[in-house]
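What the coordinates show
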Amino acid sequence: MPQFIDTEKKICELFTQGTVFDYNGVRYTVSSSAAKPTTKKGECKTDVYIPTTFDGGEKVFKVSVKQTNADFLENKVTYQRAKEILGSDVDKILIKAIGGLKDKFNHTKLVYFDAGDHTKAKSIKLGWKFELLNVLSGNLSGKIDLTKEQKIDVYSGSNLPKEKKDASVGNSIVKESGVANYIMVVNPNVQWTVDYCIQQMQKIEDYVNGKEIYFACKALNYRATVNKWDGPRSLAVYVDWNIIDGKLHGKLIFDQPLQKKGAEMGEKLKSLLRTLKINASNFSNLKGLLADGVSYYVKESSR
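Residues numbered from 1 in each chain as written. Predicted model: local features only at pLDDT ≥ 70, side-chain atom pairs only at ≥ 80, totals over all residues. Heavy atoms only, no water.

1. Concerning the overall build of the protein chain
The condition is simple: The helix and strand labels rest on DSSP assignments: H or I over at least four residues marks a helix, E over at least two residues marks a strand, and numbering proceeds from the N terminus. A 1.4 Å probe rolled over the protein chains alone gives each residue an accessible area, and that area as a share of the maximum for its type sets the label: buried under 20%, exposed over 50%, partly exposed in between. Working rule for contacts: check all heavy atoms of both residues, and any pair within 4.5 Å makes them a contact. For every accessible area listed, the method is Shrake-Rupley and the probe measures 1.4 Å; residues are considered covered only by the protein chains on display. Positive charges come from Lys and Arg, negative ones from Asp and Glu, while His and the chain ends are left out of the count. Charged side chains are reduced to one point each, which is NZ for Lys, CZ for Arg, CG for Asp and CD for Glu.
In terms of regular secondary structure, the protein chain is built from 9 helices and 18 strands. With the C-alpha coordinates aligned to their principal axes, the bounding extent of the protein chain is approximately 80 × 35 × 35 Å. Going through the 303 residues of the protein chain one by one, you find that 47% of them count as buried. Here the contacts in the protein chain between residues at least 6 apart in sequence split such that 67% fall between residues at least 24 apart. Here the protein chain displays about 15400 Å² of accessible surface, and carbon together with sulfur accounts for 46% of that area. Positive and negative side-chain charges in the protein chain, numbering 46 and 35 respectively, have mean positions lying 7 Å apart.

Pasting the structure below:
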């Protein structure tokens, strides 16, 4: 993140008032120095706001900046954020995307008595976080089937709420300043020049042609050794843990994407473990309290 902030700053510093550049055969003059639009909470899609004049009038380049070494479009995605990005069809889009990986989810281990699969020992799965990326990432990753218009929405922020669309530029709120119309994919380690930035810039509606948008689901685990999990993340798929006839049952829920959070599911699981009198010191006893069908992991040498 610090490197990205530095990238935004360097681009703004290049496009100062009076700077002249050519883009697609038209000569533009920066009418007031470029700035980063800001919002009271969160961020808009425009990273660099460049107002210009040209022979035919005025034009604003509202640029979303991406680094060549960054795969993320959005991480720590909440339901509200997914709705802002994907629009009113968010539930349908997410359920379809996640549903395509159902078999893979159903074959994952839910309880880890030993460390394995990049998971610490004495861990229990609460569910999976959701991230949007421009590449596949990991086993629980796939493509989101979107129309061109929906892809434009993702990159431009046209579905953002009004307070993020109408961001502050300098000391004034500027209508639609937070909705990007251009994208600039840059190498953060180059020699920064105006010409370099202009060469990397293109309209978002052109950029999305042939582009795919992917998602990845990353596990959120309760770790008994520290009695916690990594934050109140929204869960694309969650494990509904319950005690039935003295046994711990876990059912994967696919039809409520991002509507349950890690904190809620973690607190519920902690309560169930207290009922079963299971903690870090006697975690191995849980093996005899798991219902049939709850998959777990132990090293071969521990079996």
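2. Structural notes on the packing of helix α2 (residues 79-86) against helix α3 (residues 90-99)
What counts, and what does not: Here an angle of 0 to 180 degrees is reported between the N-to-C directions of two axes, which are lines fitted to C-alpha atoms, with helices fitted over the stretch in contact. Orientation is classified from the angle alone, with under 35 degrees giving roughly parallel, over 145 giving roughly antiparallel, 65 to 115 giving roughly perpendicular, and any other angle giving oblique. Three classes are used: nonpolar for Ala, Val, Leu, Ile, Met, Phe, Trp, Tyr, Cys and Pro, charged for Asp, Glu, Lys and Arg, and polar for all others, with Gly counted as polar.
At their nearest, the axes of α2 and α3 sit 9 Å apart, and the two run at 100° to each other. Relative to α3, the element α2 lies roughly perpendicular. Along the contact surface, α2 presents Tyr79, Ala82, Lys83 and Leu86, while α3 presents Val90, Asp91, Ile93 and Leu94. Here the contact of α2 with α3 is composed, by residue class, of 6 nonpolar, no polar and 2 charged.

3. So, unusual backbone geometry
Despite not being glycine, leucine 258 shows a phi value in the positive range, around 65°. By the secondary structure assignment, leucine 258 is in the loop between β16 (247-253) and β17 (260-261). A positive phi angle, near 60°, is found at lysine 277, a position not held by glycine. As for its placement among the helices and strands, lysine 277 is situated in the loop between α9 (262-275) and β18 (296-297). Owing to a relative accessible area of 64%, lysine 277 belongs among the exposed residues under this scheme.

4. Looking at the environment of isoleucine 213
Along the chain, isoleucine 213 turns up in strand β13 (residues 213-223). On the basis of relative accessibility, which here comes to 1%, the residue isoleucine 213 falls in the buried class.

5. Description of the sheet that holds strand β11 (residues 182-186)
Note on sheets: strands pair through backbone hydrogen bonds, and any given pair is parallel or antiparallel. So the rule is basically this: In this analysis, strands are considered paired if DSSP registers two or more bridges between them.
Here 6 strands make up an open sheet; going across it, the order is β1-β2-β3-β4-β11-β12 and the pairing mixed. Edge positions in the sheet fall to β1 (20-23) and β12 (201-203), since each has one partner strand and no second. This sheet shows a mean twist of 40° between the axes of neighbouring strands, independent of strand direction. Taken together, the 4 bridges between β1 and strand β2 (residues 26-30) define a ladder with antiparallel strand orientation. Bridge pairing in β2 places tyrosine 23 opposite valine 26.

6. Here we look at the nonpolar core
For the record, the criterion: Remark: nonpolar core denotes a set of buried residues (Ala, Val, Leu, Ile, Met, Phe, Trp, Tyr, Cys) joined through side-chain atoms within 4.5 Å.
In terms of nonpolar packing, the biggest core is built from 60 residues, with Phe105, Val111, Phe130, Trp241 and Leu286 touching the most fellow members. When sequence neighbours within four positions are dropped, the list of residues in contact with leucine 286 reads Val111, Phe113, Ile124, Leu248, Leu273, Leu276 and Ile278. Judged by nonpolar contacts, the second largest core, of 24 residues, contains Tyr182, Met184, Trp192 and Val194.

7. Examining helix α5 (residues 148-156)
Every buried residue belonging to α5 is among Gln150, Lys151, Val154, Tyr155 and Ser156, and all of these are buried. The first or second residue beyond α5 is glycine 157, which carries a positive phi of 85°.

8. Here's the deal with α2
For α2, the full list of buried residues reads Arg81, Ala82, Glu84, Ile85 and Leu86. Among the residues trailing α2, glycine 87 stands out with phi positive, at a value near 85°.

9. As for the side chain of threonine 108
By the element assignment, threonine 108 lies in the loop between α4 (102-106) and β6 (111-112). Those residues within four positions of threonine 108 in sequence are excluded, and the remaining contacts are Trp128, Leu140 and Ser295.

10. A look at the packing of aromatic side chains
Defined as follows: Only Phe, Tyr and Trp rings take part, Trp by its six-membered ring, and two of them pair if their centres are within 6.5 Å. Stacked means planes under 30 degrees apart, edge-to-face means over 60, and tilted covers everything else.
Counted under the stated rule, the structure contains 17 aromatic pairs. Ring centres of phenylalanine 61 and tyrosine 182 lie 5.0 Å apart, and the angle between their planes is 50°; this geometry places the pair in the tilted category. You can see phenylalanine 61 sitting in strand β4 (residues 57-67) and its partner tyrosine 182 sitting in strand β11, a full 121 residues away along the chain. You'll find phenylalanine 61 and tyrosine 182 in the same group, each marked buried. Residues tyrosine 112 and tyrosine 297 carry aromatic rings whose centres are separated by 5.4 Å and whose planes lie at 35° to one another, so their mutual orientation is tilted. Of this pair, tyrosine 112 sits in strand β6 while tyrosine 297 sits in strand β18, and the two are 185 residues apart along the sequence.

11. Some details on the state of the cysteines
Our working rule: The term disulfide is used for any two cysteine sulfur atoms that are within 2.5 Å.
Tallying each qualifying case throughout the model produces 0 disulfides. No disulfide involves cysteine 44; its sulfur sits 11 Å from that of cysteine 12, the nearest cysteine. Classification of cysteine 44 as buried rests on a relative accessible area of 8%.

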